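Observations on the three-dimensional arrangement
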There are 2 protein chains.
Amino acid sequence: MINKSTEILKNSGLSVTAGRKSILDLFIASGNALAHQDIESGCSEQFDRVTIYRTLQTFLDKGIIHSIPATDSIIRYALCNETCTTTGHHHDNHIHFRCEQCSKTLCLDEVSIPIVKLPDGYMMHEINMVVTGICKSCR
Amino acid sequence: MINKSTEILKNSGLSVTAGRKSILDLFIASGNALAHQDIESGCSEQFDRVTIYRTLQTFLDKGIIHSIPATDSIIRYALCNETCTTTGHHHDNHIHFRCEQCSKTLCLDEVSIPIVKLPDGYMMHEINMVVTGICKSCR
DNA sequence: ACAACTTTTGCAACAAAGTTGCATTCTTGA
DNA sequence: TCAAGAATGCAACTTTGTTGCAAAAGTTGT
Ligand SMILES: [Mn+2]
Ligand SMILES: [Mn+2]
Ligand SMILES: [Zn+2]
Ligand SMILES: [Zn+2]
């Protein structure tokens, strides 16, 4: 296995293509969550918009990345931890932080989502918690 | 004050127009959160798409409605509780539930968002918590 | 290293969602 | 009732997301 992106792709049973490697490298290099647009403009090589949509969907399905909800209708994505990749089911249990200053969205892996008790009759599947505010580097 | 929607508009210092009343009535009548599209198709009268965008933005600014993040890039909106309207700053502290069966998004006003401690250096402003699963009426 | 097979990609053509400027219409308060 | 200001509808446009299909690239076994 030559490098990390190749390794992740092979472990997920995906064929290794320039586009997938490139996009994955971008995720690995970047410290924050990426939106479709970030990827389109941030990739070393240029890839078709459609390819990026399809790649992101594939990565989601395989548990390589997870999506982060937001109120600006821009979905951002970040690398999952190992367990998601291996099980094909998302197990990210951390909160996300969106900085109102620098607009970066971060995974706060060290802050886990607290347990909430739903009213009777509700069945919980996934939880998402997004905090907005000012990040460490913007203070 | 003739009815509730008029009252809310006046209290927020907004002029009372057919569109605003209609949209607000829809929110009041509906038990769940509404997306732009729901409003466009659900209003008694037909209003221009642009008017609906602008109205939603105005309602957000005035603290009449709040937006609910989701990972499907469709933002949904729901009525705020009184405190938002009066202060112009959102104070909704409840979690949101999105049913994977009926696709309805609900405000669970009775379930408040638990407190989380952020790492040093982070300043919190707003918290959003969205739970997905199966709702009471879909079991 | 090659061929056969499978998968991925790019392109084109759409559809849906969101934005902006401007003229017209509606609200409001004097 | 009327003037001033605010909201609306329309047109034109940008951005975002989807689908089908042919060409290109990746994979597997020899
Ligand atoms: Mn994350
Ligand atoms: Mn709510
Ligand atoms: Zn920041
Ligand atoms: Zn349901």
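What you are looking at is a predicted structure, and each value in this text was computed from that prediction instead of being measured.

Residue and element names in this part refer to chain A. Taken together, three strands build an open sheet; the order of strands is β1-β3-β2 and the sheet is antiparallel. The open sheet is flanked by β1 (34-35) and β2 (65-68), the only strands paired with a single partner. By the bridge criterion, four bridges tie β2 to strand β3 (residues 76-79) in an arrangement that is antiparallel. Across the sheet, S67 pairs through a bridge with Y77, a residue of β3. Contacts from helix α4 (residues 49-61) reach β2 and β3, with the element oriented near 105° to β2.

Residues and elements named next belong to chain B. Residue placement: S44 occurs in the loop between α3 (36-42) and α4 (49-62). When its relative accessible area of 73% is taken as the criterion, S44 is described as exposed. Along the primary structure S44 and T83 are separated by 39 residues, whereas in three dimensions their C-alpha atoms are 28 Å apart. In this structure the side chain of S44 is engaged in a polar contact, spanning 3.1 Å, whose partner is the side chain of S22.

Now for the interface of chain B and chain A. Contacts between the two partners involve 39 residues from chain B and, on the opposite side, 40 residues from chain A. In total, about 3200 Å² of surface goes out of reach between chain B and chain A, with carbon and sulfur atoms giving 67% of it. When the buried area of chain B at its contact with chain A is split by residue, T71, Y122 and M123 of chain B rank highest and sum to 18% of it. Counting across the interface, chain B meets chain A through zero salt bridges. Inspection of the chain B/chain A interface yields 10 residue pairs in polar contact (both at pLDDT 80 or more). Elements supplying a minimum of two residues to the side of chain B that touches chain A: β2 (65-68), β4 (94-99), β5 (105-112) and β6 (123-134) of chain B.

Another point: the protein's contact with DNA strand C. Taken together, 15 residues form the shell around DNA strand C, and within it T17, R20, T51 and R54 of chain A together with V16 of chain B come nearest. For DNA strand C, the backbone makes up 62% of the atoms found within 4 Å of the protein, where backbone means sugar plus phosphate. The contact in question runs from a phosphate oxygen of DNA strand C to an N or O atom on the side chain of T17 of chain A, over 2.7 Å. Of the residues forming the surface near DNA strand C, the biggest block, four residues, is contributed by α4 of chain B. Each residue belonging to the surface near DNA strand C can be placed in one class, and the counts come to five nonpolar, five polar and five charged.

Reading the values: the criteria
Residues numbered from 1 in each chain as written. Chains lettered and ligands numbered in written order. Predicted model: local features only at pLDDT ≥ 70, side-chain atom pairs only at ≥ 80, totals over all residues. Heavy atoms only, no water. Pairing = 2+ DSSP bridges. Helix = DSSP H or I, 4+ residues; strand = E, 2+ residues; numbered from the N terminus. Contact = heavy atoms within 4.5 Å. Axes fitted to C-alpha atoms, helices over the stretch in contact; angles between N-to-C directions. Buried < 20%, exposed > 50% of the residue type's maximum accessible area, 1.4 Å probe, protein only. Polar contact = N/O pair within 3.5 Å; in protein donor to acceptor, adjacent residues only side chain to side chain. Buried area = accessible area lost by both parts, 1.4 Å probe. Salt bridge = Lys/Arg side-chain N within 4 Å of Asp/Glu carboxyl O. Near = heavy atom within 4 Å. Nonpolar A, V, L, I, M, F, W, Y, C, P; charged D, E, K, R; others polar.

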